[in-house]
Amino acid sequence: MLGKRIRHTKRYQEIINAFIRNGFSHVLFRIGLTERGAAKDTQSAANVNLQHVGRKLRNTLQELGPTFIKLGQIASSRHDALPEEIITELEKLQDHVQFFSFDKVQQIVEEELGDSINQLFQHVHEEPLATASIGQIHVGKLHNGEDVAIKVQRPDIEDRMETDLEIVQGLGRLLEERTSWARSYRILDIIEEFSDSLRNELSYIREGQNNERIAKQFTNNPTVYIPKIYWEFTSEKVLTMELIKGIKVTKCDELDMQGYDRKQIAKRLVDAMLQQIVDHGFFHGDPHAGNVYVLPGNTVAFLDFGMARRISEELNYHFASIIIHLQDGNTDAIIKTFSSMEIMHEETDIKRLKRDLDDLQLKYEETLANKNSLGKIILEIFTIAYHHKVAIPAEISILSKVILILEGVINRLDPDFSIMKAVEPYAKKLIRRRYHPKKLMGRSIKELMESADILTNLPKDMKEIMSVIKKGKVRLDINVSQLESVMHRLDRISNRLSFSIILLSFSILMAGLIIGAAITGQTTMLWDLPIIEIGTVIAVLLFILMIYTIIKSGRM
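It should be emphasised that the depicted structure is a prediction, and the values quoted were computed from it without experimental measurement.

Rules behind the numbers
Residues numbered from 1 in each chain as written. Predicted model: local features only at pLDDT ≥ 70, side-chain atom pairs only at ≥ 80, totals over all residues. Heavy atoms only, no water. Helix = DSSP H or I, 4+ residues; strand = E, 2+ residues; numbered from the N terminus. Buried < 20%, exposed > 50% of the residue type's maximum accessible area, 1.4 Å probe, protein only. Areas by Shrake-Rupley, 256 points an atom, 1.4 Å probe, with all protein chains shown as cover. Salt bridge = Lys/Arg side-chain N within 4 Å of Asp/Glu carboxyl O. Phe/Tyr/Trp six-rings, centres within 6.5 Å; stacked < 30°, edge-to-face > 60°. Lys NZ or Arg CZ within 6 Å of the ring centre and 35° of its normal. pLDDT = per-residue confidence, 0-100. Contact = heavy atoms within 4.5 Å. Patch = residues over 30% accessible without salt bridge, like charges linked within 9 Å, V, L, I, M, F, W, Y side chains within 5 Å. Lys, Arg positive; Asp, Glu negative; His and termini not counted. Charge placed at Lys NZ, Arg CZ, Asp CG, Glu CD. Core = buried A, V, L, I, M, F, W, Y, C linked by side-chain atoms within 4.5 Å. Polar contact = N/O pair within 3.5 Å; in protein donor to acceptor, adjacent residues only side chain to side chain.

A. Region of interest: the overall build of the chain. Across its full length, the chain carries 23 helices and 13 strands. Within the chain, the proportion of its 556 residues that are buried is 45%. Summing over all exposed atoms, the chain offers an accessible surface of approximately 30700 Å²; the carbon and sulfur share of this is 56%.

Shown next, in the form of structure tokens:
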């Protein structure tokens, strides 16, 4: 425990010193981490050029090593939460790290796999094929003659990263306590999200599982290839996979020389990513050029699944809705989608949000008409949303980043290819799937069960509310700017409840008539009209009308 505290103190001081050296002393002073004398940089936050700040931040993170480099790289995916100038600099962060010795590689492999490296492998190249913040890759050969890539985690990287993450989370809490901008940007939530992502990357078992899960998605698709994992030579810190011998997807000259069809490769790459996202809700979270190779037959191969991501069908549907409304120029529908997602803040000014979205629509009107771009526009929508305190889910932000990365790769393969056109049929497929009768029935039953649960607990809840009222502890807090919207929603809810009660009463009346007629054996005719038949038709029509209204509202 004492040793851990000493390590934390020493590393904490290293982090503070790095930020001071790179010109952040005034920030540290403002949040109480340094004394006035250390704050040599007197530049106020208002006068600082954001690009300059981004450059200094990138240099600081680079200096602080693997944990901070990875955090910066992950942070560069949050276009919705960070200024574009900062994002641009963070995207330049590179894993400029020294490779560790082969003696260390051998020691880690033998400790993790429980045998000597010569017994495990026929041969392992001592020079690494690639190095990164978390580990490095060596080419090897199994005793059966198969070539493999062996990824080995850096010595003690997990302990060092855990120390750094604990310190960063502590700094995040301090920032939120002492600065309004940190609270506004929910810095601690962002830090915790990044920390979880980084901890997941430290598990090579998890990465191997991600690899196999995505491989199953393409079992019957020969145009996409996922390398095999050798589990008998894999552990939490060692990952052994099939060595892919292909051409990096952005080496266009080499692809042309070998006679590959770049247009077909572009289409297959986009289709493969959209299939992962739309059909399975589990996708490669970092499809940059270094993680995508081309094999003979214009086959697309994906590597490195440490950042694989999940997205629920609900969020997938909302994302598809935003894309379709964007193409239609329907900013009201985009705002309605935000509302359906329940991510609107009570202080959000709807009129100003609509105005900013309309301005963005006009800015990209020609681009949207030509359908040449998508990622950048989506990210700008989310940036606007964030400034209006609309909390975009992290999964959707990352999905937008994936599309942006994909567009960069595709533009080099085939500049005429439109991801927006490619996404359109997948988005419509998602919406059709959502409104399939089977799905509608499932959601209706779920909502019915939830409503029944609410009604069951209603007497108890009312009793508790009355008890609070009697004690005089009711606090009334009304936001006048949102009053009209709230009253409108309450009016719609009350109307819908009234309609449901009327429909229920009518159905009970009809059931009584049917049962009565069955018992007495008499027909129910009134003024020569078949009352039961007419009533049944009316009840069915009313039920259909109610279901249609609920579906149209987007609140199923």
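B. Highlighting the pattern of salt bridges. Under the counting rule described, the total for this entry stands at 20 salt bridges. Across the salt bridge formed by Asp332 and Lys354, the nearest N and O atoms sit 3.5 Å from each other. Taken together, the residues span a long stretch of sequence, with Asp332 in helix H15 (residues 331–340) and Lys354 in helix H16 (residues 350–363) at a distance of 22 residues. According to the relative accessible area criterion, Asp332 is partly exposed, its value standing at 46%. Judged by its relative accessible area of 26%, Lys354 is partly exposed. The shortest N-O distance in the salt bridge between Asp358 and Lys354 comes to 3.2 Å. Placement of both Asp358 and Lys354 in helix H16 is noted, with a separation of four residues, approximately one turn of the helix. Overall, the relative accessible area of 28% leaves Asp358 in the partly exposed class.

C. Broad picture of the packing of aromatic side chains. For the structure on display, the rule yields two aromatic pairs. With a centroid separation of 5.7 Å and an interplanar angle of 70 degrees, the aromatic rings of Phe19 and Phe24 are classed as edge-to-face. Consider the rings of Phe121 and Phe233, whose centres lie 5.4 Å apart with planes at 40 degrees: the pair is tilted. Within this pair, whereas Phe121 is found in the loop between helix H7 (117–120) and strand E1 (123–124), its partner Phe233 is found in the loop between strand E5 (224–225) and strand E6 (238–242), the two being separated by 112 residues in sequence. Among the residues examined, Phe121 registers a relative accessible area of 1% and is labelled buried. The ring of Phe24 is capped by Lys56, whose NZ or CZ atom sits 5.3 Å from the centre of that ring.

D. Quick look at the confidence of the model for the chain. Predicted confidence across the chain gives a mean pLDDT of 79, with 71% of residues reaching 70 or more. Of the regions scoring below 50 in pLDDT, residues 41–47 engages in seven contacts with residues more than four places distant in sequence or in other chains.

E. A look at a negative patch on the surface. Residues Asp156, Glu158, Asp159 and Glu236 make up a contiguous surface patch of negative charge. Along the chain, Asp159 turns up in helix H8 (residues 157–178). Assessed through its relative accessible area of 53%, Asp159 is described here as exposed.

F. Seen up close, the nonpolar core. Formed by 69 residues in total, the largest nonpolar core has its most connected members in Phe302, Phe338, Leu374, Ile410 and Ile419. Contact partners of Phe338, with chain neighbours within four places excluded, come to Ile322, Ile343, Met344, Leu353, Ile381, Ala385, Val390 and Ile392.

G. Region of the structure containing the environment of Gln361. Within the fold, Gln361 resides in helix H16. Counting along the chain gives 20 residues from Gln361 to Ile381, while the straight-line C-alpha distance between them is 9.4 Å. Reaching out from Gln361, the side chain makes a polar contact with the backbone oxygen of Leu326 at a distance of 3.2 Å.

H. Region of the structure containing unusual backbone geometry. Of note, Asp304 is a non-glycine position whose phi angle comes to about 60 degrees, a positive value. Along the polypeptide, Asp304 turns up in the loop between strand E10 (299–302) and strand E11 (309–310). Here Asp304 falls in the partly exposed class, since its relative accessible area comes to 33%. The backbone phi angle of Glu342 is positive, close to 60 degrees, even though this residue is not glycine. Among the secondary structure elements, Glu342 is positioned in the loop between H15 and H16.

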